[in-house]
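# Architecture at a glance
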Amino acid sequence: MLEPETFDVDPDIRPMSGHHDELVAVLKALGDERRIAALEILGHSEECLCKLAEILGENQPSTAYHLKKLLEVGLVTKRSEGGRTFYRLTERGERVLKVIRDLKDQLRRT
């Protein structure tokens, strides 16, 4: 481990232990504008895969791939009904979407 004195860092400041892997995974999942757009769409209502693909202008397999990435990090959940798959935000997804919206507002102001 690096010694704080070497970098003139306050010794009381510690990195987020144990959360880096999870944070990196969520940030990677958000690393595609289609995934952020999907979160924004799902921030309004639950949608089926077919509708999400249509709104995003993508085919269903591509949209399913992006939703799988969001599902893997717990930002969305899915359910099946009548041969269709519906997606919605999880509580975590709602919190992350709020952070994204806040960040967008901050970026517009600069």
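Report on the accompanying structure. What you see is a predicted model; the values in this text were computed from it and never measured.

Glancing now at the overall build of the protein. In terms of regular secondary structure, the protein is built from five helices and three strands. Listing every helix and strand of the protein by position from the N terminus yields α-α-β-α-α-β-β-α. The buried share of the protein, reckoned over its 110 residues, is 27%. Of the roughly 7,900 Å² of accessible surface on the protein, a fraction of 53% belongs to carbon and sulfur atoms.

With that out of the way, let us pick up the packing of helix H2 (residues 33-42) against helix H5 (residues 91-109). Running from N to C, H2 and H5 cross one another at 110°; their axes reach a closest spacing of 10 Å. Looking at the two axes, H2 sits roughly perpendicular to H5. Between H2 and H5 lies a crossing whose hand is left-handed. Where H2 approaches H5, its residues Ile36, Leu39 and Glu40 are matched on the opposing element by Leu97, Ile100, Arg101 and Lys104.

With that settled, the discussion passes to the packing of aromatic side chains. Tallied over the entire structure, the rule returns zero aromatic pairs. Taking the ring centre of phenylalanine 86 as reference, the NZ or CZ of arginine 79 above it sits at 4.7 Å.

Next up on the list: the nonpolar core. Across soluble globular proteins, nonpolar side chains have a tendency to be buried as a group. Counting 19 residues, the largest nonpolar core has Leu39, Leu67, Leu70 and Leu75 as the members making the most contacts within it. Sorting the residues of this core by element identifies helix H1 (20-29), H2, helix H3 (49-56), helix H4 (60-72), strand S3 (84-89) and H5 as the ones contributing at least two each. When sequence neighbours within four positions are dropped, the list of residues in contact with leucine 70 reads Ala29, Arg35, Ala38, Leu39, Leu75 and Val76.

Right, let's talk about the packing of H3 against H4 for a bit. Remark: H3 packs on H4, axes separated minimally by 9 Å, with the N-to-C direction vectors making an angle of 100°. Regarding the angle of H3 to H4, the classification is roughly perpendicular. Contacts from Leu49, Cys50, Leu52, Ala53 and Leu56 in H3 reach Gln60, Thr63, Ala64 and Leu67 in H4. The residue makeup of the contact of H3 with H4, split by class, is seven nonpolar, two polar and no charged.

Quick notes on the rules
- Residues numbered from 1 in each chain as written.
- Predicted model: local features only at pLDDT ≥ 70, side-chain atom pairs only at ≥ 80, totals over all residues.
- Heavy atoms only, no water.
- Helix = DSSP H or I, 4+ residues; strand = E, 2+ residues; numbered from the N terminus.
- Buried < 20%, exposed > 50% of the residue type's maximum accessible area, 1.4 Å probe, protein only.
- Areas by Shrake-Rupley, 256 points an atom, 1.4 Å probe, with all protein chains shown as cover.
- Axes fitted to C-alpha atoms, helices over the stretch in contact; angles between N-to-C directions.
- Parallel < 35°, antiparallel > 145°, perpendicular 65-115°, else oblique.
- Left-handed = near helix turned anticlockwise from the far one by under 90°.
- Contact = heavy atoms within 4.5 Å.
- Phe/Tyr/Trp six-rings, centres within 6.5 Å; stacked < 30°, edge-to-face > 60°.
- Lys NZ or Arg CZ within 6 Å of the ring centre and 35° of its normal.
- Core = buried A, V, L, I, M, F, W, Y, C linked by side-chain atoms within 4.5 Å.
- Nonpolar A, V, L, I, M, F, W, Y, C, P; charged D, E, K, R; others polar.

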